[in-house]
Amino acid sequence: MANKIVIDELRCKGCALCTVACPQNLIKMSKELNKQGFLPAVISSADLERCTGCTLCAQMCPDVAIEVFKGVK
Amino acid sequence: MANKIVIDELRCKGCALCTVACPQNLIKMSKELNKQGFLPAVISSADLERCTGCTLCAQMCPDVAIEVFKGVK
Amino acid sequence: MNHDVYMAGFGGQGILLIGNLLAYATILEGNQASYFPAYGVEKRGGAATCTIVMSDKSVGSPVVGEPEAALLLNPLSMEKYYSHVRSGGFALINSSLIDDDGSRRTDIKRLLIPANEMALAIGDSRLVNMIVLGAYVEYSKVVSVDSLKEALKEVLPERNHRFLPMNHQALEAGAEFCRQAFAS
Amino acid sequence: MNHDVYMAGFGGQGILLIGNLLAYATILEGNQASYFPAYGVEKRGGAATCTIVMSDKSVGSPVVGEPEAALLLNPLSMEKYYSHVRSGGFALINSSLIDDDGSRRTDIKRLLIPANEMALAIGDSRLVNMIVLGAYVEYSKVVSVDSLKEALKEVLPERNHRFLPMNHQALEAGAEFCRQAFAS
Amino acid sequence: MTTTEMKKVFSRPDSLKDVQTHYCPGCQHGTIHRLVADALDYFGIKDQTIGVASVGCSVFLYGYFDIDVIEAPHGRAPAVATGAKRVHPNRPVFTYQGDGDLAAIGTSEIIHTANRGEKLTVIFVNNTTYGMTGGQMAPTSLPGQKTSTSPEGRDVNTDGYPIRMAELLSGLEGTAYSVRVAVDTPKHVLQAGKAIRKAFKTQLDGQGFAFVEVLATCPTNWGMDPLKANERIAEEMIPCFPLGVYKDATE
Amino acid sequence: MTTTEMKKVFSRPDSLKDVQTHYCPGCQHGTIHRLVADALDYFGIKDQTIGVASVGCSVFLYGYFDIDVIEAPHGRAPAVATGAKRVHPNRPVFTYQGDGDLAAIGTSEIIHTANRGEKLTVIFVNNTTYGMTGGQMAPTSLPGQKTSTSPEGRDVNTDGYPIRMAELLSGLEGTAYSVRVAVDTPKHVLQAGKAIRKAFKTQLDGQGFAFVEVLATCPTNWGMDPLKANERIAEEMIPCFPLGVYKDATE
Amino acid sequence: MTKRLFVKGNEAVAMGALEAGCRYYFGYPITPQSDIPEYISREMPKLGGQFIQAESEVASINMLLGASASGARAMTSSSSPGISLKQEGISYMAGSECPGLIVNICRSGPGLGGIDASQADYFQSVKGGGHGGYHIIVLAPDSVQEMYDMAMLAFDLSDRYRVPAMILADAVIGQMKEGLTPHSYVAPDDLEVKDWALIGDGKAGEQKVVKSLYLGDGELEAHNNHLHAKYAVMQVKEVRYEGVELDDAELVVTAYGSTARIAKTAVRLAREQGMKVGLLRPITLFPFPKAAFKEHTSAGQKVLCFELNNGQMVEDVRLSVPRTDVSFYGRAPGAGSLPTPEEFLDQIRTHYEA
Amino acid sequence: MTKRLFVKGNEAVAMGALEAGCRYYFGYPITPQSDIPEYISREMPKLGGQFIQAESEVASINMLLGASASGARAMTSSSSPGISLKQEGISYMAGSECPGLIVNICRSGPGLGGIDASQADYFQSVKGGGHGGYHIIVLAPDSVQEMYDMAMLAFDLSDRYRVPAMILADAVIGQMKEGLTPHSYVAPDDLEVKDWALIGDGKAGEQKVVKSLYLGDGELEAHNNHLHAKYAVMQVKEVRYEGVELDDAELVVTAYGSTARIAKTAVRLAREQGMKVGLLRPITLFPFPKAAFKEHTSAGQKVLCFELNNGQMVEDVRLSVPRTDVSFYGRAPGAGSLPTPEEFLDQIRTHYEA
Ligand SMILES: Cc1ncc(C[n+]2csc(CCOP(=O)(O)OP(=O)(O)O)c2C)c(N)n1
Ligand SMILES: Cc1ncc(C[n+]2csc(CCOP(=O)(O)OP(=O)(O)O)c2C)c(N)n1
Ligand code: SF4
Ligand code: SF4
Ligand code: SF4
Ligand code: SF4
Ligand code: SF4
Ligand code: SF4
Ligand SMILES: [Mg+2]
Ligand SMILES: [Mg+2]
């Protein structure tokens, strides 16, 4: 079982609300602008490993830029 | 000591609210139309004798057609 | 046929009812009629007036400056409207309440009718309007008394139909009074 | 004197500020100027454009169909407005963001300026607007750089006056770039 | 015994002109006018007071009160009064509004005026109908009440519920005093008089917005004689609109 | 491990179009849109539902929701929705309104629509300011809040008090459900989602008027970054606008 | 339905609307039109429709917008001050192309004014009292029969063009009783299903939006031009007027609604006195019968315009025939201010002889 | 106060109003005029006045009525949809002869439309968007300086005639920044103490009533005639317009406000190209400069009217000079819909050469 999130970089407006929502503190803000001029949220593959699929980051995202997947046994 | 009320026949619209307000039941409705076409409230001189000057009739009169006087000792 | 009549009195004298009745009777006879009430903000106690225009063609103005006939039921109406009656026209004056006999005008026909007394004689002071209407149609022949009766049946709610006979009596009495007056 | 310039970029590039500055400097020099912003419902992220008209007489239309000069700061502006520049006019193109070098038009003067890079070189990416403005006034001479500096002092709130030197540097850099470009 | 030995203990207040009103027989607008005038007399403020008339049977306020009056559009008296009060913060200003005026078209104005805590006195005459226009359903009409626009009686499922303004406004912080009274018995009339006086005192003391809802009759549009109409207040209205002080933040 | 072994547990609801919104970064209109769309998905009513857009930052509702939409004049969404619902009693109808729209200009409409017990769902986004027009004072602005029309901060003595709509509407008989939620934490978001679902269920069950007030940010006009703005909800808004169910007559 | 009835104009317009299939009424009481909601509150439930007494005129017009956007035939009615309050909503309906019937039984103003007949809302009705330079269809019945007939016509025109329609009358036409011959409503063949409206016919994914917001570059300009193109079509196709003895008229009297009724008698009296006078009565005030005025003044006839106001329609007459001699006789509205046929006759004589 | 400032038109009108002694502002936010309440909310407290952000436009106009009836100089401002909502209140102010300033920074409609500049509220402003056939004074500034100056003028005219005054501008004039030379307000000598108002000067028993209700026979008619008599005086005494190179003009261009600014440049360009073209810019839209149009077209000049709408002021031009050849070129408002001087120049050339 493994879980993951996918952040749609194009939709993300860089508000950072997901970063404080994640109980595991997995999401960080990028230092590089996306095409719209925002600094999007990112998650490293290392951190992704620790994702519990709790969806809390996605719940908070105003731009519905996060999809969450849960591993099926 | 004696008390009295004065009903302004011209102002009275014959609503009869004063008649039920008087604890002594002193006020009656006339059988004759006044100039405006209403049957005004009247009080007989006999009944006037029994007036306590309580002002309740006047309190109820929507047309402020009643004045109340109280006898001064 | 082309007639008009102005009716005025105080609220409660039943002016609007007879106005309606007259117009409706006209329509029942296959002619055209308009009924136009004047109404005020003050619903009660104020003046009640209306104009009926009757014609065998379509009715033009529902408003008339100098009516052919006027039914004047109280002193205020007499004061305000008597002078407007068209020269050659007709005024019906409720002499029970109006002192002025209108004799200053010689260019119109007048009928002084003690409508309140007559109504009381029939048994109900509220019949003043019917008496006056009866007299007017007798004079003008704009509609028949029968048409008025028919109209009345339709205008009065069923539950009040027991008052029909009294009303008929008042209409007849008014008509009769008029006949007598002009016969003499 | 009778000049006009159109400026366009995206919100946040500081277009409206330099528009204000230019118009205000014009007024400080005793001439007339109008500043007209176009604004949208979408405050952020959308386009920001404004038109400045400068004259020694009273300014007529604050709106211009074919501007004498255009300062184009992002690709969208280039796409939309480049073709409107008056024949014989001038276009200042931020080559840091705009790939199109505008060479298809030969009837106007062009200056490609790598404003973003220049701004970063001075130390703040937000200075793009000042660099462009410096270049424009160097080219057009509508106002002196000194007037712009004076205007800037008035327009910037006191607490931001510590940024004045940096802004001055950017204005000068833009002007210098323009001088160089047209000298060569 | 001569008149000189007698003291007048009840007479027409000075603030009320000595004229006949146009109100129908038994209509309690007259009673409420008198109570308001009594309050103006009591505080001696007749010459300072500004009355704001609303549109309803009481639109002729200026004809009855001997005070300065501004006539407001239907429902807007609280806004007009706000304008007047801001200009003359030291003059007492009151509005006098019916239930159609205040609780229907003027809902927004009364709520926000109360919420701003404007230092005004509002006299609200709830007679469960639009009197002036001929007895249409009001927001305060009782469930089942037959009116000219609810011929089968007010149906709460489609027409809504009688709205309780005294309660509603008491939920706003700007409201300093909110009370409901009636004028159907001498006792209630005396209480109503006190409430109205207190509503003016609240304003004079600068304590905020003061609201008095008065349950009253409209015999004409209720199709009842004045006595029957008066009885309806206790029988039908008070059960739906309980009397009482809903808020008193003046202490 | 491949994707095929994974189950999507959170994704964009069907009722929401797959487009970028015009909202500012961190603006919680987006969150609330998503929650409403989730509810429409949940009940499978996307193709029946009529949304009534108000005037405010959310005016482009039709651009984001894949449902039929009527655009109402500022403040009038409840009246427009009433018209629509009476014509289509079996279609779910909701309004989506800001605090300027609903609690200022639209006060009268929201109160009477609730009082009539219209079977509607109202989503009320309280961000204590007029977002779209550039951050003016709203009826819900907090005491002392600096806005573009209260540069020294809202002064309750002249500007009035923050108005509490969830409480106010719960005082009306026609209101079946009135609740206040927030979207500042994942927990609150989940609660808000439930409340919104319940507000639709109330309508679908024909139980009356359902109202959900959502406390949300306007980072732009508050002059705060999205995180700071989000914190303000717990720090300043909730103390003034307590969360909770104010009325639930659906049982 | 052929029995001749004797009813008020206000009742007739309500009857006509119901006969035309109007099933939603939203209104707020105001004299002198309250007979309309009163009648409808009695009759609508029998037809399975909805009568809502709204909390205000503003709410009413917006409920109408909602019902119209939902595909229904619906209406509101009011009188002058109430109609003023509806102006924002009317502009929205015009902008979002929502049909619907608005009845204005005009009373005297400005402000609270009085409750007597008035024609002082002409400008408001035909020039657009609301913002944004739209127009609505404006019909001016002059009899109880027309109140009935035009309720139907108003719905048909309104649906055909997706333009709100107003019936503009006053206390004379609204309070007057006359004979009325009711008849069954027959929908015109060309009326289409309102597939622009939220009638619930959509397949999944076919979103319908009713709105007046157009923010893209040029979108709103195009929308406005589209609206004005519709007005231009109506100007050609939908003008209605009545001509009375115009053929040999040397003086053309014009008036609408209540004053037209009075003018009809005045014109008859003038004819009786040998004056060659005719009447041109605009029935559609918007679109205005410009061409009719041109036609009937082409041979140098003069025009005399009567109104119950200080001069409004006369401007449209003048704009229709700029080179014609157009005179105006108006009466400012208010209690006791109804002109009489005799009064109009005097004016006719003066202008005829001049 | 002689320093030259660089400010927005919206700010200028607010500054002018405050300088003219306006101490009460009541308004509700709406783009593109929110700078006005924002400016006043900052500045009014310093002057001891009151700024109220009302709950709606309806409340604002009625607060204004209350303040005006209480004798104060007071104002409101809004933009098109909000102005529509004020129509009932404006009619009441007109009827009860309450002066006061209403600013309309007109935006594009109908309905929600857009926020761009528009002149489509001309009819609403000058013909009376509200009920009852009244008029208000309407001033159309075309520069930031005039926004300032006309705020003062509006208060003076409004007080002098007891007629509400409107400043009608749009996003071009309101959002534009230009130089402004402020100056001190000097009250005209003829302005009287407002002893009709509730200014608290009364002796006991001298009741003051501000109302628009007139129910006695003939009272309202007389009142309306009184109002219209004032309008007639204003028509003679208070017309203002600007003429540019009219003396030898063969084609008279006319436009007001924003389009007049654009037209000014177009006329200059035309002159540069040798065309004899002038500009007649109405400054008072009501009263309208009829006589000026007569004067400047008496020798057969043609007129070309520019508007940012589908044709409104052009009707008043045509009514002013019915026998003159009047052409119209309009642009329906909306985003991206501002005409340019070049565009107007093309039109001038076409009509000049025709
Ligand atoms: C804008 C507007 N709408 C409607 C009216 C008509 N109108 C006059 S009074 C009134 C209602 C009066 O009822 P209420 O306020 O209860 O006062 P009451 O007569 O019962 O004392 C209405 C609807 C109006 N004058 N103005
Ligand atoms: C009649 C009218 N008045 C004012 C406006 C301007 N206006 C547009 S949105 C808005 C307020 C928006 O605030 P809110 O409802 O709180 O929504 P938000 O943008 O904060 O989500 C205002 C005043 C308008 N469009 N129409
Ligand atoms: S799903 Fe939960 S654990 Fe995973 S990134 Fe989001 S918040 Fe963190
Ligand atoms: S919450 Fe959404 S929009 Fe905000 S930073 Fe995270 S992914 Fe981006
Ligand atoms: S004063 Fe009292 S006792 Fe005397 S009549 Fe009146 S109510 Fe009766
Ligand atoms: S209460 Fe007054 S009006 Fe009524 S009957 Fe008695 S005296 Fe007459
Ligand atoms: S109609 Fe009713 S409220 Fe109006 S005066 Fe008559 S009784 Fe009083
Ligand atoms: S202005 Fe405020 S409410 Fe509007 S989109 Fe931006 S953050 Fe959201
Ligand atoms: Mg009432
Ligand atoms: Mg908001």
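Everything that follows concerns the structure shown earlier in this document.
Computed from a prediction, not measured in an experiment: that's the story for all the values here.

Peer 1: Help me out: how do you make sense of the overall build of chain C in this one?
Peer 2: Helix and strand content of chain C: six helices and six strands. Reading chain C from its N terminus to its C terminus gives the helix and strand order β-α-β-β-β-α-β-β-α-α-α-α. For a compact globule of 184 residues, the expected C-alpha radius of gyration is about 16 Å, and chain C comes in at 15 Å, within 12% of that figure. On the principal axes, the C-alpha backbone points of chain C span a range of 45 × 40 × 40 Å. Here chain C holds 184 residues, and the buried ones make up 54% of them. Carbon and sulfur atoms make up 51% of the accessible area of chain C, which amounts to about 7,800 Å² in all. Taken together, the 16 basic and 20 acidic charged side chains of chain C have centroids lying 3 Å from each other.

Peer 1: Just to check I follow, could you spell out helix H3 (residues 77-87) of chain F for this structure?
Peer 2: Two residues of an α-helix separated by three or four positions point the same way, owing to the 3.6 residues in each turn. Burial within H3(F) is extensive, with 11 of its 11 residues counted as buried. Within the span of H3(F), buried status applies to F:Ala77, F:Pro78, F:Ala79, F:Val80, F:Ala81, F:Thr82, F:Gly83, F:Ala84, F:Lys85, F:Arg86 and F:Val87.

Peer 1: Got a minute to help me understand the sheet that holds strand S6 (residues 109-113) of chain C in this structure?
Peer 2: Consider a sheet: its strands pair through backbone hydrogen bonds, and that pairing is either parallel or antiparallel. With respect to topology, eight strands assemble into an open sheet ordered S6(C)-S5(C)-S4(C)-S1(C)-S3(C)-S2(C)-S8(G)-S1(G), the strand pairing being mixed. Sheet topology places S6 of chain C together with strand S1 (5-8) of chain G at the edges, where each strand pairs with a single neighbour. Between one strand and the next, the sheet's axes are offset by a mean angle of 20°, whatever the strand orientation. In the sheet, strand S2 (residues 32-38) of chain C pairs with strand S3 (residues 47-55) of chain C via seven bridges, with the strands oriented antiparallel. When the bridges of S3(C) are listed, C:Ala38 appears paired with C:Thr49. Here helix H1 (residues 15-28) of chain C sits on the sheet in contact with strand S1 (2-10), S2, S3 and strand S4 (69-72) of chain C together with S1 and strand S8 (177-180) of chain G, set at roughly 10° to S3(C).

Peer 1: Looking at this structure, I do not really get the sheet that holds strand S10 (residues 241-244) of chain G. What am I missing?
Peer 2: Residues and elements named next belong to chain G. Strand order in this open sheet of five strands is S10-S12-S11-S14-S15, and the pairing throughout is mixed. Only two strands of the sheet have a single neighbouring strand rather than two, namely S10 and strand S15 (326-330). With direction set aside, neighbouring strand axes in the sheet form an average angle of 20°. Two strands pair when backbone bridges link them, and strand S11 (residues 251-254) and strand S12 (residues 277-282) are joined in this way by four bridges, in the parallel orientation. Bridge pairing in S12 links Val-252 to Gly-278. Here helix H12 (residues 313-320) sits on the sheet and contacts S11, S12, strand S14 (302-307) and S15; the angle it forms with S15, its principal contact strand, is near 175°.

Here is what the cut-offs are and how they apply
Residues numbered from 1 in each chain as written. Chains lettered and ligands numbered in written order. Predicted model: local features only at pLDDT ≥ 70, side-chain atom pairs only at ≥ 80, totals over all residues. Heavy atoms only, no water. Helix = DSSP H or I, 4+ residues; strand = E, 2+ residues; numbered from the N terminus. Rg over C-alpha atoms; globule rule 2.2 N^0.38 Å. Buried < 20%, exposed > 50% of the residue type's maximum accessible area, 1.4 Å probe, protein only. Areas by Shrake-Rupley, 256 points an atom, 1.4 Å probe, with all protein chains shown as cover. Lys, Arg positive; Asp, Glu negative; His and termini not counted. Charge placed at Lys NZ, Arg CZ, Asp CG, Glu CD. Pairing = 2+ DSSP bridges. Axes fitted to C-alpha atoms, helices over the stretch in contact; angles between N-to-C directions. Contact = heavy atoms within 4.5 Å.

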